[in-house]
Protein chains: 2
Amino acid sequence: MPVKIGLVGTGTVGGGCIDIIQKHREDFKRHYGIDIELVRVCSLDPAEAEAHGVGHLFTSDFHEITGDPEIDLVIELIGGTGVAHAIVTEALKNGKNVVTANKALMATAGEEIFHLADEAGVEIAFEASVGGGIPIIDPLKHSLISNEISSVLGIVNGTTNYMLTRMDEDGMPYDEVLAEAQAKGFAEADPTADVDGFDAAAKIAILASIAFNSRVVMSDVHNEGIRNIQPIDLATARDMGYSVKLLAIGHRLPEGVDVRVHPTMIPRSHQLAHVNGVDNAIYVTGDAVGETMFFGAGAGSGPAASAVMGDVLEVSRHITLGVPPIVGCTCTDELPIVPMDNLETRYYIRFVVPDRTGVLAAAAEVFAKHDVSLRSVVQEGTRERDAVNLIFVTHTAREKNIRTALAELGAMEDMLLADPTVIRVED
Amino acid sequence: MPVKIGLVGTGTVGGGCIDIIQKHREDFKRHYGIDIELVRVCSLDPAEAEAHGVGHLFTSDFHEITGDPEIDLVIELIGGTGVAHAIVTEALKNGKNVVTANKALMATAGEEIFHLADEAGVEIAFEASVGGGIPIIDPLKHSLISNEISSVLGIVNGTTNYMLTRMDEDGMPYDEVLAEAQAKGFAEADPTADVDGFDAAAKIAILASIAFNSRVVMSDVHNEGIRNIQPIDLATARDMGYSVKLLAIGHRLPEGVDVRVHPTMIPRSHQLAHVNGVDNAIYVTGDAVGETMFFGAGAGSGPAASAVMGDVLEVSRHITLGVPPIVGCTCTDELPIVPMDNLETRYYIRFVVPDRTGVLAAAAEVFAKHDVSLRSVVQEGTRERDAVNLIFVTHTAREKNIRTALAELGAMEDMLLADPTVIRVED
């Protein structure tokens, strides 16, 4: 008896899943003894189902999937925390296993979802929620569990990595790069989730929860995006021997979990510095394994569908063998979240200021007052005649002091002509 | 009731495993509900067991482990295909689960071992046999199974990668680099297994078997090592925009499985070109996931123990839950091995020849006769007065023709002063 699958969401990723089932169903039977059958698909657009040859399975009412007693496993691919939440929770309550790619849902309602799965004795799998096709959740939940993980960090948003790569390699200004990314389909019409770091925040919340065995939700993550980054920042970083990446960072510290997303300078010799374009990579450090990295395409129909269907096949393998859920929630500890104010690192800060004498001295004075020691100051022209870039690189400083200094500078009359660009420097 | 573990082999990796159990046993219970207890250790040297605080568990007779009815799981870490074969097969026959890091054993007797495990209804796990701590076998057996894998290739031998990196970055000649690697403990006194590519051959046999669902054994793998590589080859490669790596390569072709180990030029822009020193990385390409890479430390106490103990915990999790083996042998197809002679690629070939007129022309003539089209020829001095390096780069040519040409040149009197250096060029 094949495992019966219901699919909700027939867009890019859902279409990729349908294609995989049609292409490889016989291979899965022969190689792994896993027989899966797609019995129903749901979306708002029957044309998508028809385009993939499954128009006869179409419904526009997801209850026909979550409520169908014949269905063993529900794939949720519509995203977001509204209808998707209803679909996932209803399916679990009805005793169905669930596979989802929904990072926002898992990073906000993960605890509730694990609890429902546990109560129903079914599985919830979500490999595709982080890093597209890259296996990362599964290795963290299996291969690497003999380690105490000290950090998990990486490039988990392809849109911003593409934009930073273009700014770095081709010197294109932010607005042009964003327009190009939108035209190529790498960025949404409203790019907020990507360029402001929310997408990455959800992903690092999920990774940190698993790596540190302690629940981290999206609102725990301090996130800053790339809106204030310009080619001059990438060029300066390059001169300093660094690359700028939007890093999602999770550290286990003695005082708790440090979890954040922000533009970061990393040495050009680091593996992550070579991860360009829409590629993703996650870097994991454990007390036994040392440093390890998982690299691949972070988005796209094929890669995301590979991860979704990997989960579907694994859960179906368990269903076929009559095996109960093997790994549920592993957040058994309750580690505090370390406040961002406590961070100590080096900072690259670029101000756009009026081109007149005394500005540099005034800014330097504010930093000194707040105990921020400067390593270098460079003044460079801008495209405007009356404005200059004032670039500070600090020695190790406390985040709280940096913020106080920035606030004070921002409040000074006739000082900052734009929001400052802040990039943390990590070695 | 804890899962009872017997460990055979208390050297570098075995010691690392003992350390992990001692350090994290309580964590494994709390996080995963897995309780493991080391009840016996076996090796030839009681001092090793004592050094790790388990002298009271010591035996020098492995039968006290394989034959102990109390033991659920045997870890085999002595390596080789002699005594290790007896330990693993006896343990399986006695109904014990087995975790091993033994690449030579799995690449030669894998079929027998899977068969025994299957008959006994127990698990055999061997993540540590390839890539040290890097999770690669588990992702291939789980996360990536929705793909048809078209290639799996990588840098899987840290010793030779260290040597090539040193030759490239510091221009050290082969003999000096080997001596240094031996002094640092990266290379054995008899370096054959590493420098001639046997270690890598065993590893790619294992990876190809899993990736292509078809048994590949070590003797199926064409292997060439790095003995003929010198700094001039790395410098020339660099000028051409390439890095030289000892690649272990598996391709799924329409006509079968192409599997080989040899020095290879890869573009410096490729992710694998940045994998230096003793690090390893495995690059997997699938029809859905596209390109993905797994990077980390390929050897060492911690990394290898991380992989071994990951397997131990996973199997123990199944034992604890009463779950039968989930994945056994997946070599359900019988794909032919493509003969090396059929390979078509580009070649970098360096000869050391007498410094006299006519040698270049004579060599070029032999290539032309065997249908090998040349892209460039460069003549460079050597340290000896009477000898020069003659470096050919070919257009795409057939392996068989290259070999015939090399044989003919080798047989010519007063022609080659040393074995030619052959590096295949892949883009």
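Position numbers for residues start from 1 in each chain and track the written sequence from start to end. For this description, chains carry letters from A and ligands carry numbers from 1, given in the order in which they are written. Confidence filtering applies because this is a predicted model: local features only for residues at pLDDT of at least 70, side-chain atom pairs given and counted only at 80 or more, and all residues used for totals across whole chains, interfaces and linings.

All names here are of chain A. Numbering of helices and strands runs from the N terminus, with a helix taken as a DSSP run of H or I at least four residues long and a strand as a DSSP run of E at least two residues long. Here the expected length of a helix is defined as 1.5 Å per residue gap, with one fewer gap than residues. Between the first and last C-alpha of helix α5 (residues 103-120) there are merely 22 Å, a value that for 18 residues lags more than 12% behind the 26 Å anticipated at 1.5 Å per step. We define the bend at each residue as the angle formed by axes fitted to the 7 residues ending at it and the 7 residues starting at it. At alanine 109, α5 shows its largest bend, some 85°. Partly exposed residues are those whose C-beta has more than 12 but fewer than 20 other C-beta atoms within 10 Å; 20 or more makes a residue buried and 12 or fewer makes it exposed, with C-beta atoms placed from the backbone. Turning to α5, its buried residues number three or more, namely Lys103, Ala104, Leu105, Met106, Ala107, Gly110, Ile113 and Ala117. Note that contacts rest on C-beta atoms placed from the backbone: two residues are in contact if these are within 7 Å. Elements that come into contact with the buried residues of α5 comprise α4 (83-93), β5 (97-100), β6 (124-125) and α10 (198-212).

At the junction of the two partners, chain A supplies 48 residues and chain B supplies 49 residues. At 10 residues, helix α12 (residues 301-321) of chain A tops the list of elements feeding residues into the side of chain A that touches chain B. Nonpolar residues are Ala, Val, Leu, Ile, Met, Phe, Trp, Tyr, Cys and Pro. Charged residues are Asp, Glu, Lys and Arg, and all others, Gly as well, are polar. Considering only residue class, the side of chain A that touches chain B consists of 21 nonpolar, 20 polar and seven charged. Strands are treated as partners if at least two bridges between them are detected by DSSP. Here strand β12 (residues 290-297) of chain A pairs with strand β12 (residues 290-297) of chain B via five bridges, running antiparallel. Considered in β12 of chain B, the bridge of glycine 296 of chain A is made with threonine 292 of chain B.

Between two packed helices, the angle of one axis relative to the other and the distance separating the axes together describe the packing. Residues and elements named next belong to chain A. Comment: axis = line fitted to C-alpha atoms, over the contacting stretch for helices; angle = value between 0 and 180 degrees taken between N-to-C directions. Direction vectors running N to C along helix α1 (residues 12-32) and α12 enclose 45°, while the axes themselves pass 9 Å from each other. Taken together, the axes of α1 and α12 are oblique relative to one another. The way α1 lies across α12 gives a crossing that is right-handed. Residues Thr12, Val13, Gly15, Gly16, Cys17, Ile20, Phe28 and Tyr32 of α1 pack against Ser301, Gly302, Ala304, Ala305, Val308, Met309, Leu313 and Arg317 of α12. Along the lines of polarity and charge, the residues of the contact of α1 with α12 split into 10 nonpolar, five polar and one charged. For this classification, under 35 degrees means roughly parallel, over 145 means roughly antiparallel, 65 to 115 means roughly perpendicular, and everything else is oblique. Two helices cross in a left-handed way if the nearer one is turned anticlockwise from the farther one by less than a right angle. They cross in a right-handed way if the turn is clockwise.

The next point concerns the sheet that holds strand β6 (residues 124-125) of chain B. Residue and element names in this part refer to chain B. With parallel pairing, six strands are arranged side by side in an open sheet as β3-β2-β1-β4-β5-β6. Only two strands of the sheet have a single neighbouring strand rather than two, namely β3 (58-59) and β6. Sheet topology note: the strand β5 (residues 97-100)/β6 ladder contains two bridges and is parallel. Bridging across to β6, valine 98 finds its partner in isoleucine 124. Strands β1 (3-8), β2 (36-42) and β4 (73-76) of the sheet are contacted by helix α1 (residues 12-32), whose axis makes an angle of about 160° with β2.

Residues and elements named next belong to chain A. Across the seven residues that make up strand β2 (residues 36-42), a large majority, five, are buried. Inspection of the sheet shows strand β1 (residues 3-8) paired to β2 by six bridges, in the parallel sense. Counterpart to isoleucine 5 in the pairing with β2 is leucine 38. Seen with its strands pointing away from the viewer, a crossover is right-handed when the path leading from the first strand over the helix to the second is clockwise. In this fold, the crossover linking β1 to β2 by way of α1 has right-handed handedness. The pairing of β2 with strand β3 (residues 58-59) spans two bridges and is classified as parallel. Directly across from cysteine 42, in β3, lies its bridge partner threonine 59. In this fold, the crossover linking β2 to β3 by way of helix α2 (residues 46-51) has right-handed handedness.

Let us look at the relation of the copies chain A and chain B. We superpose the copies by least squares over the C-alpha atoms of residues that have a pLDDT of at least 70 in both of them. Once chain A has been moved 0.0 Å along the axis and rotated by 180°, it coincides with chain B to within an RMSD of 0.0 Å. Such a combination of turn and shift is consistent with a two-fold rotation axis. Measuring from the rotation axis to each C-alpha of chain A, the shortest distance belongs to phenylalanine 294 of chain A, at 2.5 Å. A share of 100% of the interface residues of chain A reappears at the interface of chain B, consistent with the copies meeting face to face through the same patch.

Where a domain begins and ends is set by an automatic assignment or by a domain database. Domains assigned within chain A are domain 1 (3-132 + 301-321), domain 2 (137-297) and domain 3 (340-425). Between domain 1 of chain A and domain 3 of chain A, the C-alpha centre-to-centre distance is 49 Å.

Residue and element names in this part refer to chain A. The strand order across the open sheet built from six strands is β3-β2-β1-β4-β5-β6, with neighbouring strands paired in parallel fashion. In this open sheet, the two edge strands, each paired with only one partner strand, are β3 and β6. Against the sheet, α1 contacts β1, β2 and β4 (73-76), and its axis sits at roughly 160° relative to β2.

So, on to the pairing of strand β10 (residues 256-267) of chain B. In summary, the side chains of a regular strand alternate between the two faces of the sheet. All names here are of chain B. In terms of burial, β10 is a largely internal element, nine of the 12 residues being buried. Inspection of the sheet shows strand β8 (residues 222-223) paired to β10 by two bridges, in the parallel sense. Counterpart to histidine 222 in the pairing with β10 is arginine 260. The pairing of β10 with strand β17 (residues 421-425) spans two bridges and is parallel. By the bridge assignment, threonine 264 is partnered in β17 with arginine 424.

As a further point, take the environment of leucine 246 of chain B. Residues and elements named next belong to chain B. Tracing the backbone through its elements, the reader meets leucine 246 in strand β9 (residues 242-253). A tally of 26 C-beta atoms within 10 Å means that leucine 246 is categorised as buried. Spatially, the C-alpha atoms of leucine 246 and lysine 184 are 20 Å apart, while their sequence positions differ by 62 residues. Contacts of leucine 246, omitting those with residues within four sequence positions, involve Ile155, Asn157, Thr160, Asn161, Leu164, Gly197, Ala200, Ile226, Val261 and Pro263.

Quick look at unusual backbone geometry now. Residue and element names in this part refer to chain A. Look at asparagine 213: it is not a glycine, yet its phi comes out positive at around 55°. You can see asparagine 213 is positioned in the loop between α10 and β8 (222-223). By C-beta crowding, asparagine 213 is classed as buried, having 22 other C-beta atoms within 10 Å. At aspartate 414, a position not held by glycine, the phi torsion is positive, near 60°. Note on placement: aspartate 414 falls in the loop between α14 (399-411) and β17 (421-425).

Residues and elements named next belong to chain A. Relative orientation of the contacting elements α4 and α5 amounts to 15°, with a least axis distance of 9 Å. If you check the angle between α4 and α5, you find them roughly parallel. Here the hand of the crossing between α4 and α5 comes out right-handed. Taking contact as the criterion, the partners of Ala84, His85, Val88, Thr89, Leu92 and Lys93 in α4 are, on α5, Leu105, Ala109, Ile113, Leu116, Ala117 and Ala120. Here the residues of the contact of α4 with α5 are counted per class, giving nine nonpolar, two polar and one charged.

What follows deals with the environment of serine 43 of chain A. All names here are of chain A. With respect to the helices, strands and loops of the structure, serine 43 is situated in the loop between β2 and α2. A count of 21 C-beta atoms within 10 Å places serine 43 in the buried class. Counting along the chain gives 33 residues from serine 43 to threonine 10, while the straight-line C-alpha distance between them is 6.0 Å. Discounting chain neighbours no more than four positions away, the residues touching serine 43 are Gly9, Thr10, Glu48 and Ala49.

Turning our eyes to something else, we now look at helix α11 (residues 231-240) of chain A. Because each turn of an α-helix spans 3.6 residues, side chains separated by three or four positions in sequence point in the same direction. All names here are of chain A. Asp233, Leu234, Thr236 and Ala237 are the residues of α11 that are buried. Mapping the buried residues of α11 onto a view down its axis gives an arc of 165°, with all of them on the same face. Looking at the buried side of α11, the elements it contacts are α7 (158-170), β9 (242-253), β10 (256-267), β13 (344-354), β15 (387-394) and β17. What the arc measures is the spread of directions leading from the helix axis to the C-beta atoms.

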